[in-house]
Amino acid sequence: MADAGRSHAVVVAGGRKPRDLPQFGWVNTELGNLKTGLSDAYHAFKFRKYAQRYLSTMTYRFNRRFNLATLPMSLLRAAVNTGPRPDRWLRAAESSC
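Throughout this document, residue positions are counted from 1 along each chain, in the order its sequence is written. Where totals are concerned, whole chains, interfaces and linings use all residues; where local detail is concerned, this predicted model gives features only for residues with pLDDT of at least 70, and gives and counts side-chain atom pairs only at 80 or more. Hydrogens and water are ignored here; the side-chain numbers use all heavy atoms of the structure.

**Here's the deal with the overall build of the chain**
We count a stretch as a helix when DSSP gives it H or I for four or more residues in a row; a strand needs E for two or more, and each element gets its number in order from the N terminus. Assigned secondary structure in the chain consists of five helices and zero strands. When the helices and strands of the chain are read in sequence order from the N terminus, they spell out α-α-α-α-α. Considering only intrachain contacts with a sequence separation of at least 6, the fraction spanning at least 24 residues in the chain is 28%. A total of about 8,500 Å² of accessible surface is found on the chain, and carbon and sulfur atoms cover 59% of it. Residue contacts are defined here by distance: any two heavy atoms, one from each residue, within 4.5 Å place the two residues in contact. The Shrake-Rupley method, run with a 1.4 Å probe, gives the accessible areas here. Residue values count only the displayed protein chains as cover.

**Details of the layout of surface pockets**
Cavities and pockets were defined on a 1 Å grid built from protein atoms only: a cavity is a group of points that admits a 1.4 Å probe but offers it no way out, a pocket is an open group of points flanked by protein on both sides within 12 Å along at least five of seven lines, and a lining residue is one with an atom within 4 Å of any such point. Grid points are joined across faces, edges and corners, and a volume is the space filled by probe spheres set on the points. In this structure, the largest pocket encloses a volume near 330 Å³. Secondary-structure elements contributing two or more residues to the lining of the largest pocket are α1 (25-42) and α2 (47-63). Each residue gets one of three labels, nonpolar for Ala, Val, Leu, Ile, Met, Phe, Trp, Tyr, Cys and Pro, charged for Asp, Glu, Lys and Arg, and polar for the others, Gly among them. Split by residue class, the lining of the largest pocket holds six nonpolar, two polar and three charged.

**Quick notes on the confidence of the model for the chain**
Detailed reading of the predicted coordinates is not advisable wherever pLDDT falls low. Summary statistics for the chain give a mean pLDDT of 75 and a share of 79% for residues scoring 70 or more. Highest mean pLDDT in the chain belongs to helix α3 (residues 71-81) (86); lowest belongs to helix α5 (residues 92-96) (62). As a per-residue quantity, pLDDT reports the predictor's confidence and falls between 0 and 100.

**Section: a nonpolar patch on the surface**
Patch membership requires over 30% relative accessible area and the absence of a salt bridge. Like charges are linked within 9 Å, and nonpolar side chains (Val, Leu, Ile, Met, Phe, Trp, Tyr) within 5 Å. Note on definitions: salt bridges are taken to be side-chain nitrogens of Lys or Arg within 4 Å of carboxyl oxygens of Asp or Glu. The grouping of M73, L76 and V80 at the surface amounts to a nonpolar patch, some 310 Å² of accessible area in total. With respect to the helices and strands, V80 occurs in helix α3. Relative accessibility under 20% of the residue-type maximum defines a buried residue, over 50% an exposed one, and the middle range a partly exposed one, all with a 1.4 Å probe and only protein chains included. On the basis of relative accessible area, V80 is assigned to the exposed category, the value being 62%.

Here it is as structure tokens:
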């Protein structure tokens, strides 16, 4: 860390749970959001088989969370610029799982 010009502070939880420490607040929030997003949206699907797709979707949304106003337009642009795809192309990921 020092070689990269960054500082590092060790936090010893001891007998306390990490959720009780303020340093872990954002970690717990992000993990909770990810868990809720995946379990609510994908509870009826085969997570093992489609995990990469689900996580890619969450990553896309997470990376654009601060600029939500542009999200609908960028999705519309992607949909318009993507041509028709045959069924075998759409199911190509299933055979690789």
